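# Structure assessment
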Amino acid sequence: MASVAWAVLKVLLLLPTQTWSPVGAGNPPDCDAPLASALPRSSFSSSSELSSSHGPGFSRLNRRDGAGGWTPLVSNKYQWLQIDLGERMEVTAVATQGGYGSSDWVTSYLLMFSDGGRNWKQYRREESIWGFPGNTNADSVVHYRLQPPFEARFLRFLPLAWNPRGRIGMRIEVYGCAYKSEVVYFDGQSALLYRLDKKPLKPIRDVISLKFKAMQSNGILLHREGQHGNHITLELIKGKLVFFLNSGNAKLPSTIAPVTLTLGSLLDDQHWHSVLIELLDTQVNFTVDKHTHHFQAKGDSSYLDLNFEISFGGIPTPGRSRAFRRKSFHGCLENLYYNGVDVTELAKKHKPQILMMGNVSFSCPQPQTVPVTFLSSRSYLALPGNSGEDKVSVTFQFRTWNRAGHLLFGELRRGSGSFVLFLKDGKLKLSLFQPGQSPRNVTAGAGLNDGQWHSVSFSAKWSHMNVVVDDDTAVQPLVAVLIDSGDTYYFGGCLDNSSGSGCKSPLGGFQGCLRLITIGDKAVDPILVQQGALGSFRDLQIDSCGITDRCLPSYCEHGGECSQSWDTFSCDCLGTGYTGETCHSSLYEQSCEAHKHRGNPSGLYYIDADGSGPLGPFLVYCNMTADAAWTVVQHGGPDAVTLRGAPSGHPRSAVSFAYAAGAGQLRSAVNLAERCEQRLALRCGTARRPDSRDGTPLSWWVGRTNETHTSWGGSLPDAQKCTCGLEGNCIDSQYYCNCDAGRNEWTSDTIVLSQKEHLPVTQIVMTDAGRPHSEAAYTLGPLLCRGDQSFWNSASFNTETSYLHFPAFHGELTADVCFFFKTTVSSGVFMENLGITDFIRIELRGGTATRQRGFLGCIRSLQLNGVALDLEERATVTPGVEPGCAGHCSTYGHLCRNGGRCREKRRGVTCDCAFSAYDGPFCSNEISAYFATGSSMTYHFQEHYTLSENSSSLVSSLHRDVTLTREMITLSFRTTRTPSLLLYVSSFYEEYLSVILANNGSLQIRYKLDRHQNPDAFTFDFKNMADGQLHQVKINREEAVVMVEVNQSTKKQVILSSGTEFNAVKSLILGKVLEAAGADPDTRRAATSGFTGCLSAVRFGRAAPLKAALRPSGPSRVTVRGHVAPMARCAAGAASGSPARELAPRLAGGAGRSGPADEGEPLVNADRRDSAVIGGVIAVVIFILLCITAIAIRIYQQRKLRKENESKVSKKEEC
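Residues numbered from 1 in each chain as written. Predicted model: local features only at pLDDT ≥ 70, side-chain atom pairs only at ≥ 80, totals over all residues. Heavy atoms only, no water.

This part covers the overall build of the protein chain. Looking only at helices and strands, one finds 11 helices and 80 strands in the protein chain. When the 1215 residues of the protein chain are sorted by exposure, 51% land in the buried category. The contacts in the protein chain between residues at least 6 apart in sequence include a share of 70% that link residues at least 24 apart. Carbon and sulfur atoms provide 51% of the accessible area of the protein chain, an area that totals close to 56,100 Å². (Helix = DSSP H or I, 4+ residues; strand = E, 2+ residues; numbered from the N terminus. Buried < 20%, exposed > 50% of the residue type's maximum accessible area, 1.4 Å probe, protein only. Contact = heavy atoms within 4.5 Å. Areas by Shrake-Rupley, 256 points an atom, 1.4 Å probe, with all protein chains shown as cover.)

Here we come to the confidence of the model for the protein chain. Per-chain confidence: the protein chain averages 81 in pLDDT, with 79% of residues scoring 70 or above. Confidence over residues 249-255 falls short of pLDDT 50; this stretch has 3 contacts with residues more than four positions distant or in other chains. Low pLDDT, under 50, characterises residues 1201-1215; the stretch is placed with 0 contacts to residues that sit more than four places away or in other chains. (pLDDT = per-residue confidence, 0-100.)

Moving on, we get to the sheet that holds strand β78 (residues 1093-1100). One open sheet accounts for 7 strands, arranged β75-β74-β73-β68-β78-β65-β80; its pairing is antiparallel. Strand pairing shows two members of the sheet lacking a second neighbour, β75 (1050-1055) and β80 (1124-1127), which therefore form its edges. Averaged over all pairs of adjacent strands, the angle between their axes in this sheet comes to 25°, without regard to strand direction. Judged from the 6 bridges that link them, strand β74 (residues 1041-1046) and β75 form a sheet pairing that is antiparallel. Across the sheet, the residue bridging to Val-1041 is Ile-1055, located in β75. (Pairing = 2+ DSSP bridges. Axes fitted to C-alpha atoms, helices over the stretch in contact; angles between N-to-C directions.)

Right, let's get into the pattern of salt bridges. Applying the stated criterion across every chain, the model contains 29 salt bridges. Residues Asp-268 and Arg-399 are paired through a salt bridge, measuring 3.2 Å at the closest nitrogen-oxygen approach. Highlighted residues: Asp-268 in the loop between β16 (259-263) and β17 (273-280) and Arg-399 in strand β27 (residues 392-399), separated in sequence by 131 residues. Each of the two residues, Asp-268 as well as Arg-399, counts as buried. Each of Arg-88, Asp-115, Lys-213 and Glu-334 takes part in salt bridges that share partners, so that together they form one network. (Salt bridge = Lys/Arg side-chain N within 4 Å of Asp/Glu carboxyl O.)

Attention now moves to helix α4 (residues 663-672). Where burial is concerned, most of α4 is hidden: 7 out of the 10 residues are buried. By the burial criterion, the buried members of α4 are Gly-664, Gln-665, Leu-666, Ser-668, Ala-669, Val-670 and Leu-672.

The relation between two aromatic rings is expressed through the spacing of the ring centres and the mutual angle of the planes. Counted according to the given criterion, the structure contains 32 aromatic pairs. Geometrically, the ring pair formed by Tyr-109 and Phe-132 is stacked, given 5.3 Å between the ring centres and 10° between the ring planes. Here Tyr-109, found in strand β5 (residues 106-114), pairs with Phe-132, found in strand β7 (residues 132-133); they are 23 residues apart in sequence, far enough to count as distant. Each member of the pair, Tyr-109 as well as Phe-132, carries the same accessibility label: buried. Ring geometry for Phe-186 and Phe-329: centres 6.5 Å apart, planes at 65°, overall edge-to-face. Of this pair, Phe-186 sits in strand β10 (residues 183-187) while Phe-329 sits in the loop between β20 (309-312) and β21 (330-338); the two residues are 143 residues apart in sequence, bridging distant segments of the chain. Phe-329 shares its class with Phe-186; the two are buried. One aromatic cluster is present, formed by Tyr-109, Phe-113, Tyr-123, Phe-132, Tyr-144, Phe-150 and Phe-157 through successive ring pairs. The ring of Phe-791 carries the charged tip of Arg-860 above its face, separated from the ring centre by 4.9 Å. Over the ring of Phe-915 we find Arg-1102; its NZ or CZ atom is 3.9 Å from the centre of that ring. (Phe/Tyr/Trp six-rings, centres within 6.5 Å; stacked < 30°, edge-to-face > 60°. Lys NZ or Arg CZ within 6 Å of the ring centre and 35° of its normal.)

Turning to the state of the cysteines, a few remarks are in order. Inspection of every chain in the model, using the stated rule, returns 12 disulfides. Between Cys-896 and Cys-911 runs a disulfide, and the two sulfur atoms are separated by 2.0 Å. An S-S torsion of about -85° defines the bridge between Cys-896 and Cys-911 as left-handed. Placement of Cys-896 in the loop between α7 (889-892) and β63 (901-905) and of Cys-911 in strand β64 (residues 908-912) is noted, with a sequence separation of 15 residues between them. Exposure class is identical for Cys-896 and Cys-911. Each is buried. (Disulfide = S-S within 2.5 Å.)

Below, the discussion takes up the nonpolar core. Counting residues in each nonpolar core, the largest one holds 46 residues, and the members touching the most others are Leu-983 and Leu-993. If you look at the next biggest cluster of nonpolar residues, it comprises 42 residues, including Phe-618, Ala-629, Cys-730 and Leu-753. (Core = buried A, V, L, I, M, F, W, Y, C linked by side-chain atoms within 4.5 Å.)

Attention shifts here to the sheet that holds strand β26 (residues 380-384). The strand order across the open sheet formed by 7 strands is β31-β30-β29-β28-β35-β26-β38, and the pairing between neighbours is antiparallel. Both outer strands of the open sheet, β31 (440-444) and β38 (536-538), are each paired with one neighbouring strand and no more. Averaged over all pairs of adjacent strands, the angle between their axes in this sheet comes to 10°, without regard to strand direction. Of the strand pairs in this sheet, strand β28 (residues 405-411) and strand β29 (residues 418-424) are connected by 6 bridges, and their pairing is antiparallel. When the sheet's bridge partners are listed, Gly-410 is paired in β29 with Phe-419.

The subject of this paragraph is helix α8 (residues 1081-1089). Listed in full, the buried residues belonging to α8 are Thr-1083, Ala-1086 and Ala-1087. The buried residues of α8 occupy an angular sector of 105° when projected down its axis, which confines them to one face. Capping the start of α8, Asp-1080 holds a side-chain oxygen 3.2 Å from the backbone nitrogen of Asp-1082, two or three residues further along. (Arc of directions from axis to C-beta. Polar contact = N/O pair within 3.5 Å; in protein donor to acceptor, adjacent residues only side chain to side chain.)

With 4 of 5 residues buried, strand β66 (residues 936-940) lies mostly within the body of the structure. Both β66 and strand β77 (residues 1065-1071) contribute to a ladder of 5 bridges, which runs antiparallel. Bridge pairing links Thr-938 to Ile-1069 in β77. Where β66 lies against strand β79 (residues 1118-1121), 4 bridges are found, and the strand directions are antiparallel. Counterpart to Ser-936 in the pairing with β79 is Arg-1121.

Burial analysis of β10 places 4 of its 5 residues in the buried class, which makes it a mostly covered element. Strand direction decides the pairing type here: β10 and β21, joined by 5 bridges, are antiparallel. When the bridges of β21 are listed, Phe-186 appears paired with Gly-331. Here β10 runs beside strand β24 (residues 360-361); their pairing, made up of 2 bridges, is antiparallel.

In this fold, Phe-931 is placed in strand β65 (residues 928-931). The buried category is assigned to Phe-931, whose relative accessible area is 0%. The spacing of Phe-931 and Val-1124 is 193 residues in sequence and 4.8 Å in space, taken between C-alpha atoms. Every residue in contact with Phe-931, bar those within four places of it in the chain, is listed here: Ser-936, Met-937, Leu-1070, Phe-1091, Thr-1092, Gly-1093, Leu-1095, Leu-1106, His-1123 and Val-1124.

What follows deals with unusual backbone geometry. Gln-147 connects to Pro-148 through a cis peptide bond whose omega is 5°. Following Leu-552, the chain continues into Pro-553 via a peptide bond in cis, with omega recorded as -5°. Along the polypeptide, Pro-553 turns up in the loop between β39 (540-542) and β40 (561-564). Notably, Asn-339 is not glycine yet its phi reads approximately 50°, a positive angle. Tracing the sequence through the fold places Asn-339 in the loop between β21 and β22 (341-342).

Given below as structure tokens:
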């Protein structure tokens, strides 16, 4: 199994919003009485009946009279069975049954309800769009508890599906109880003012509860003011309920910004909606129907110091609120309570606390409009036109979420043309087609797919046509021609056989709601259409507007923006940091450990510590070392804090430390890590003692949960010891901290706080014991967290019957499952989550279906909704399952580059860079050095290699009597000097290899493998390679065949004639060669010049000379002469136009360690070293300039002296 690579599986589940459950025995006993069984037959009605014995009056549950139930004349989806309960009742459950002793039953149905028998609303449990499951036979009873219950007088059952071998057949029962209702009606120009009792003590909290039914989409429901302009207002705006809190006059000293809370949508549907407002001090709970918004206002509760009166339906006092010129409410309020007081009852009794203004009545009129729902793009409504008239005139209202769709199509008589009214990009467009003329187009309105009702008026007559959408009018002049209205107008789609111009369109038919349709001067009654007395239709729902807001509640997570059409919704995740259908899955890795094993180097990264949880990503520094990935979170506090003496017991310093990440994000990151620490560096001179004489601590630190700690350095709580006290190496054995010795000299303590459940440090407090001349300074380092304890958490399943058991996973609306797996079998079950009736199973299946069997292999890093499961802990106590998995190198071995070897660890992998010219966690960090003029580096092979009898020639030892028949050589360089010697390898037998740049910058390679023959010399005229740019060279020799590759692209193969064996290799030299005995003239010339510039990634077989010099790990095998300075990277430097700056070393110093932080140690000050690097660069540049100046002066002096000597010699010869 170790050879099989890991695969990662991420599953996002969009779960249904509800699961129907039968009524149980624990139903409330006070509201589950049968309501239909005692009703007379006249209370039951239906769309049709098969016969008089199948009428709706025989549809009571368990009754056998008549034919044993209701059956319509035709079984189709337009049939319905209706009950009139006589008055509004609270309905808590329903039950259904098929026709007695028959094959007639309904398998699914919709439940509709209404107050007045018009404008029906579909009951949706938990916003579900699905109907109720029905029966599976004729006689069994299926009960369903309604959660939540509803109040209505009329109920309708609409069959959706039925027994395919029978007809629709139903017997029904409705359960509930009486409902108390106190109603007040506002006509849009009235209001009700309630004056409160002026009690000396204000109530602890204010509670306002009511139900409302809106006839219009805008209006004020309630308003209450204070003395200084502060107020609360509840207002219906475009069908949404908005709650305003305003602190009042801006001139008053107030920091409270106005608060606006918005809930609900489509609340102008002429149905009842409930509202609950709770004001408790500065806490606000705002609930509309089942959706609640909790809000905590800033500041004190004085901004809610309001007057002792509250108005409903509008603002009745004109002179007091000039800023509130808003529309009053048109509709009904029901069961209006303020702090338990029935306000409606007080108004009915004309109590003095109530002032009524305008036409306020105590009954709620029923709506008379009949909406029509176009359920699909194939829906249509065909109505007779005003045939024979010389104009076309149509008005209606519509609401939809779709941006496009056909609204209306009609043909004119006598072949005089046709017209199409349609939505496109949220705008209404009218096209008129007339024979012999180009189409005339008119556009009006914008953003009409917002779900609001919009009014449309369209007319065409003689010389013009115009379209009015709400208040937007568009007019198009026409050529004077007779407009003869046609016989039929099609709303929505068209008949399948219709062929009129514009009727067939890729836009599809309209989906949404229409109402108040008039053609000519006649209003259309959709009830006549439903009864078959007018026009025709397909796929409509008449007397109901079935629009739903799929973005309420929004299933878009993490701030994703929800948009919708009639059928579905979508989430825009741009800028959220998340992806997926609902912006559920994070774009970022969960930890630095995960970033590391994607091959990312050290640097700044975003991490999302809780994955798909509610916490967002945050920026950290990831320090990738060979052993681990360290997460570094800097604080925003001072770099250093200086303390001086103060009176006894007084605070010397109380410094707070804030972090870029929030408390929840830090907690998740710390909990995810294997261990965390934070270092406190303390320097002190004559410092205070850790506690006063009575033992009271004088210094402490505060953790992330605001708890106080007096323990230091990872010691036990309240031990009050520094690290040196725990290790027993303090400078004074009488004390547990160096700074407690109180010496008249500067001492230091390094304290490591490692109790990760308390980290990070948020405050450090230090007081004094009364030493006025004491002084100290401390520096708090960043939060450092190592590894990710969930990333490598794994388990091995060894048998098909082995499994791990965890508590059931509750997915609710969305769920994600993420894990890595590795297996050698083609099928098996990964996970199974069982509910009462539903289940989730994730399994691997091969090419053919097989019996279900368990998974064989390894599962790692299993997370459910971003929460990691501890597989290893459960595996230790489960037979057939072992903690951990082997073979991580099969997945992550590719991360080890440049000859590095992957080594297995118990939890992860590490890259062994011992035989690579690179170092770093993935053997990908360049080891580079700047060679000054005249400098050199000599690598001695004999000290490095030992004799190995069974090794191949590539990896065998190199000694006098050992012969090489092949070698791999790599190097990178950057220079502007020619000639240059890039590399020279010598042997004890006067054989050699040289790689040089000739005077023209061309690359030349010389092999002399026989001291009795001339060397093989090859010139590669790729380009002038002394151009100050970085170049890579790779040479691979296999006996006499040499393959040369330049810059990872250009390749050339040559054949050697001097031999095939490199005998007794002695040394490898970079830079200037002092002795090149037996070399050809070009090599000697280049050897004398040496190399000036940057070399990196030099490797000869397993020998890496730069690494041996700059990263020594054993006895020295390298000799360095002259100035050779380490560099971070050869590619880093100035632009190519300034070679002097470009080739200057970035870091000063000799052959010591440079570049990233030491392996295995966290990088503490990664972002504070720029100034040091810049200073080093400047110092080196100045040093080089001084050296060049000195050399120039020296050369000038030597030339002057030589001329003087030559002059003297010539004079002597003349004599």
